[in-house]
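Understanding the architecture of this molecule
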Amino acid sequence: MKNKSVLLVLIVLNALVLLGQLWPEGAPPFARVINIIFLICSFLFFAAALSKAKNGN
């Protein structure tokens, strides 16, 4: 359940990032913050997944 909620948040953030790339004039003023949050959250999620895979959990 935890992974599903994290993935849902990442999908929503990814959609906002993609929208800002496709339509830069319509990007909200906080788009830069969303991009940074998305990158950090993605890194943490994949690092945790890789760590679990290495430990065999």
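Quick look at the structure, then. (Residues numbered from 1 in each chain as written. Predicted model: local features only at pLDDT ≥ 70, side-chain atom pairs only at ≥ 80, totals over all residues. Heavy atoms only, no water.)

Along the protein chain, the regular secondary structure elements total two helices and zero strands. Taken against the 2.2 N^0.38 rule, which gives 10 Å for 57 residues, the C-alpha radius of gyration of the protein chain at 14 Å runs more than 25% over that of a compact globule. Each of the three principal axes of the protein chain carries a C-alpha extent, and together these read 45 × 20 × 15 Å. Taken as a whole, the protein chain presents about 4,800 Å² of accessible surface, with 72% of it coming from carbon and sulfur. (Helix = DSSP H or I, 4+ residues; strand = E, 2+ residues; numbered from the N terminus. Rg over C-alpha atoms; globule rule 2.2 N^0.38 Å. Areas by Shrake-Rupley, 256 points an atom, 1.4 Å probe, with all protein chains shown as cover.)

It is worth spelling out helix H1 (residues 2–22) at this point. Relative to the 30 Å expected for 21 residues at 1.5 Å per residue, H1 spans 30 Å between its end C-alpha atoms, a close match to the ideal helical length. Of the positions making up H1, those classed as buried are Leu10, Leu13, Val17 and Gly20. Taken end-on, H1 shows its buried residues confined to a sector of 75°, consistent with a single buried face. Those residues of H1 that are exposed and angled more than 90 degrees off the buried face are Lys4, Leu8, Ile11 and Leu22. If you follow the buried residues of H1, they end up packed against helix H2 (31–55). (Expected span 1.5 Å × (residues − 1). Buried < 20%, exposed > 50% of the residue type's maximum accessible area, 1.4 Å probe, protein only. Arc of directions from axis to C-beta. Contact = heavy atoms within 4.5 Å.)

Counting residues in hydrophobic clusters, the biggest one holds six residues: Leu10, Leu13, Val17, Ile34, Phe38 and Phe45. When contributions to this core are tallied by element, the ones reaching two or more residues are H1 and H2. Beyond its immediate stretch of four places on either side in the chain, Phe38 contacts Leu10, Leu13, Asn14 and Val17. (Core = buried A, V, L, I, M, F, W, Y, C linked by side-chain atoms within 4.5 Å.)

Where nonpolar side chains cluster on the molecular surface, the patch consists of Leu18, Leu19, Leu22 and Trp23 and spans about 460 Å² of accessible area. By secondary structure assignment, the location of Leu18 is in helix H1. We classify Leu18 as partly exposed; its relative accessible area is 47%. (Patch = residues over 30% accessible without salt bridge, like charges linked within 9 Å, V, L, I, M, F, W, Y side chains within 5 Å. Salt bridge = Lys/Arg side-chain N within 4 Å of Asp/Glu carboxyl O.)

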